[in-house]
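Summary of the model geometry
As a plain string of letters, each chain reads:
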Amino acid sequence: MKAETDKIKIKLSDEKQIECVAGTIIKDLIDHQLTKNNLQEIIAAKLDGDLVDLSRPLFTNTSLEPVTFDSAEGKKIYRHSTSHVMAQAVKDLFPAAKIAIGPAIEDGFYYDFDLDRPFTPQDLERIEERMKEIIQQDLPFQRLELSKEQAQKIFQERREDYKLELLKDIEEDTVSLYQQGNFIDLCRGPHVLSSGKLRAIKLLNVAGAYWRGDEKNKMLQRIYGTAFATPEALTEYLKRLEEAKERDHRALGRQLDLFSVQEEIGPGLIHWHPKGAIIRMTIEEFWKKEHLKRGYQLVYTPHIASRKIYEISGHLETYQEYMYSPMDIDGVPYWVKPMNCPGHIKIYQTKLRSYRELPIRYAELGTVYRYERSGVLHGMLRVRGFTQDDSHIFCHPEQLPAEILQVLDLVDFMMSTFGFDYHAYLATRPEKSIGGEEAWAKATTALREALSKREIDYKIDPGGGVFYGPKIDIKLLDALGREWQGPTIQVDFNLPERFDINYVGPDGNRHRVVMIHRTVLGSMERFIGTLIEHYAGVFPLWLAPVQVLVLTITERHIEYGERVLQDLRNNDIRAEADFRNELIGYKIREGQLAKTPYMAVIGDREIANGTVSVRTRKKKELTTLRVEDLISKMKKEIADKII
RNA sequence: GCCGGCGUAGCUCAGGGGUAGAGCAACUGAUUCGUAAUCAGUAGGCCGGGGGUUCGACUCCCCCCGCCGGCUCCA
């Protein structure tokens, strides 16, 4: 460390470097050097890549980069500071509350508290008011670097049991604490300079959360909130949340009459109404054709199976908690299938397989039932009975890379057909797992290389693999940005062993197959649920339940309307009619609210010319087309699956 | 499963110990109309279910069911 009179060099950018006296506070430096070019308020700084408080003094040559709210790091710091202010407000109003953890998260922050009474919505309002007062007071965030013992003493005095527990797990001798006003928190930082920097805050909701995410631990109360650099940005965000709610597949499912869940039948069990069913059927037909094209063979397997098969597969050992209790059939317990693999394996094993037959790819739209805990059910996205677009590929080890690549190709093709955004994860070997190190390495490499070859961005999910093999998970995003497990590609070393699945190699000996479990949509329920949100209910023509609505102006146009309707239907176009004695504006409004892609209006002029007046849901300008031209235009759009 | 909130007509929602309300939808009638709401009328409710408090409960209390937001867990 240099003496305070010494000069140090600070690199501000590739072109700009300045000198200052050692000990200069970053904020002072920034006030002099950077404010003119930066309208955005600076939240923190990055010194040689490390995030630090603006209140930190500079002692060595370094590069300095300002951090603003624009950056992900800036948002994180800003919101993390807001969570501290919230914790301070809670402690002010509820001194008995103990603080746990309070990080920034995507779009906001939370803080967990332990308090013997629940926070009410009114409490949230009070807390928010108190936070605004704290912001008004403009309390500086002070960083304290203390020995672990000193920190322990502080949190003992304050009876912050959770902080003490966190401290125990910290290995370093010194820890950092942040204080604003009378509030002290164990925290790495950095933070904004003072509470007054926080401009637009909002508390959103309270929820239970287990201490350290473990359901054996005490349940704490988590308050969620968010913060933005300007009130306008906050309002914008809240508006986005409202809009997302309107895309919610549960609301749209009711409005568009796609599906329902019946209390008397049971939660988590989906009823597909005619309009939802036709969407599903269209996707399933497409799916089947595509699989046959790509060398899959379609199979069907039973919905129940005797105990024996699940003993062999290991389901009773490792998966029983998700399986529904067995029924007695002639004294033998039968279970409803939670997965399709055993059935496919047994089909494979009906004869001796040669290496020449491999790979064998069995595919099935297989309906499975799994017990899901009541609190996790969610519309069509998390249910108890669902149809997986399942397949099991049996191959020999050398074929694994090519097979994975082919599956990934199919996944990508499907996702792009539907215009879907997705995130990919490569889940690696978990601690509790079976199979040799070499096999794992080979399979993981095959998965990784397939992802790179397809140029799919992915994250590693360390230890997230299944016990029997590594996997690629594709996550779909719902309207609120929540990720849902969709397509998955899993390599399996386990079932081939348990079932003794073989093929006869060129050497005449039996060899163990490698098995891939995969789905390319996930399940019909979850996929279509997410699709509803993705399209906001506005299905592309090829999927729209009603593709064209034939509308008449008055009763004298009905006869011609009937002919047009039949003409469309004869051409495999899903056409419906509204010949009611209602105003045309009224019928159009209904069609528009149902998000019908085309409406064909018929009046005197159209009958005279053998045409229809065509209105699309997107562009509202009208065109007059001969019926056969409308048919060919629609047929092309359907065939091309235009999104 | 756990924590919190909610449950009133088909849908969206008001009401808050003393006879249950609106809009839309439905139904009936009139209107025969040119691209997002024609007019009039009618009907519709075990106020999620059960128990309790009370002279009286949709309203207050308890239990159960379901839904919503999270946590934990998954296609």
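Above this text is the structure in question.
Below is a summary of the structure that appears in this document. (Residues numbered from 1 in each chain as written. Chains lettered and ligands numbered in written order. Predicted model: local features only at pLDDT ≥ 70, side-chain atom pairs only at ≥ 80, totals over all residues. Heavy atoms only, no water.)

As for the layout of surface pockets
There is about 1,300 Å³ of room inside the largest pocket. Forming the boundary of the largest pocket are 43 residues, of which Tyr319, Met339, Arg370, Glu372 and Gln490 lie nearest the centre. Of the residues forming the lining of the largest pocket, the biggest block, 6 residues, is contributed by strand β27 (residues 483-492). Each residue belonging to the lining of the largest pocket can be placed in one class, and the counts come to 14 nonpolar, 16 polar and 13 charged. Lining the second largest pocket are 34 residues, and of these Asp107, Tyr237, Leu241, Leu480 and Gly481 sit closest to its centre. Contributions of two or more residues to the lining of the second largest pocket are made by β10 (108-114), β14 (200-210), β15 (219-228), α6 (231-247), β24 (422-427) and α15 (524-534). (1 Å grid on protein atoms, 1.4 Å probe; cavity = no way out; pocket = protein on both sides within 12 Å on 5 of 7 lines; lining within 4 Å. Points joined across faces, edges and corners; volume = space filled by probe spheres on them. Helix = DSSP H or I, 4+ residues; strand = E, 2+ residues; numbered from the N terminus. Nonpolar A, V, L, I, M, F, W, Y, C, P; charged D, E, K, R; others polar.)

A closer look at the side chain of serine 391
With respect to the helices and strands, serine 391 occurs in strand β23 (residues 385-395). For serine 391, a relative accessible area of 0% puts it in the buried group. Apart from the residues lying within four places of it in its own chain, the contact partners of serine 391 are Tyr296, Tyr362, Ala363, Ile516, His517 and Arg518. (Buried < 20%, exposed > 50% of the residue type's maximum accessible area, 1.4 Å probe, protein only. Contact = heavy atoms within 4.5 Å.)

Remarks on helix α2 (residues 72-93)
Its 22 residues place the ends of α2 31 Å apart at the C-alpha level, agreeing with the 32 Å of an ideal helix rising 1.5 Å per residue. In terms of burial, α2 is a largely internal element, 16 of the 22 residues being buried. (Expected span 1.5 Å × (residues − 1).)

A short note on the nonpolar core
Ile283, Phe418, Leu521, Phe527, Leu531 and Phe539 are the most contacted members of the largest nonpolar core, which totals 58 residues. Among the elements that take part in this core, helix α12 (residues 400-418) stands out by supplying 9 residues, more than any other. Excluding residues within four positions of it along the chain, phenylalanine 418 makes contact with Ile283, Phe286, Leu521, Phe527, Leu531, His534, Tyr535, Trp542, Leu543 and Ile643. Within the second largest apolar cluster, 39 residues are counted, among which are Met86, Ile134, Cys187 and Val192. (Core = buried A, V, L, I, M, F, W, Y, C linked by side-chain atoms within 4.5 Å.)

Focus on empty space enclosed by the protein
All told, the structure shown has 1 cavity of 30 Å³ or more when counted by the stated rule. Roughly 30 Å³ of volume is contained in the largest cavity. Taken together, Leu258, Phe259, Trp272, Gly276, Ile279, Met380, Ile528 and Ile532 make up the full set of residues lining the largest cavity. For the lining of the largest cavity, the secondary-structure elements that each account for two or more residues are α8 (274-293) and α15. Residue composition of the lining of the largest cavity, grouped by class: 7 nonpolar, 1 polar and no charged.

Digging into the protein's contact with RNA strand B
Neighbouring residues of RNA strand B: 61 residues in total, closest Tyr210, Arg382, Gln485, Asn581 and Ser613. At the protein interface, 51% of the atoms of RNA strand B within 4 Å belong to sugar or phosphate. In the model, a base nitrogen of RNA strand B is placed 3.5 Å from a nitrogen or oxygen of the glutamate 372 side chain. Contact distances for RNA strand B include 2.5 Å between a base nitrogen and a side-chain N or O atom of glutamate 606. A per-element tally of the surface near RNA strand B places helix α17 (residues 584-593) first, with 7 residues. Within the surface near RNA strand B, the residues separate by chemical class into 22 nonpolar, 18 polar and 21 charged. (Near = heavy atom within 4 Å. Polar contact = N/O pair within 3.5 Å; in protein donor to acceptor, adjacent residues only side chain to side chain.)

Examining the environment of methionine 219
Checked against the element boundaries, methionine 219 lands in strand β15. Taking the relative accessible area as the measure of exposure, methionine 219 reaches 44% and is therefore partly exposed. Sequence spacing of methionine 219 and isoleucine 329 is 110 residues, and the spatial spacing of their C-alpha atoms is 43 Å. Residue contacts for methionine 219: discarding those within four places in its chain leaves Gly208, Ala209 and Tyr210.

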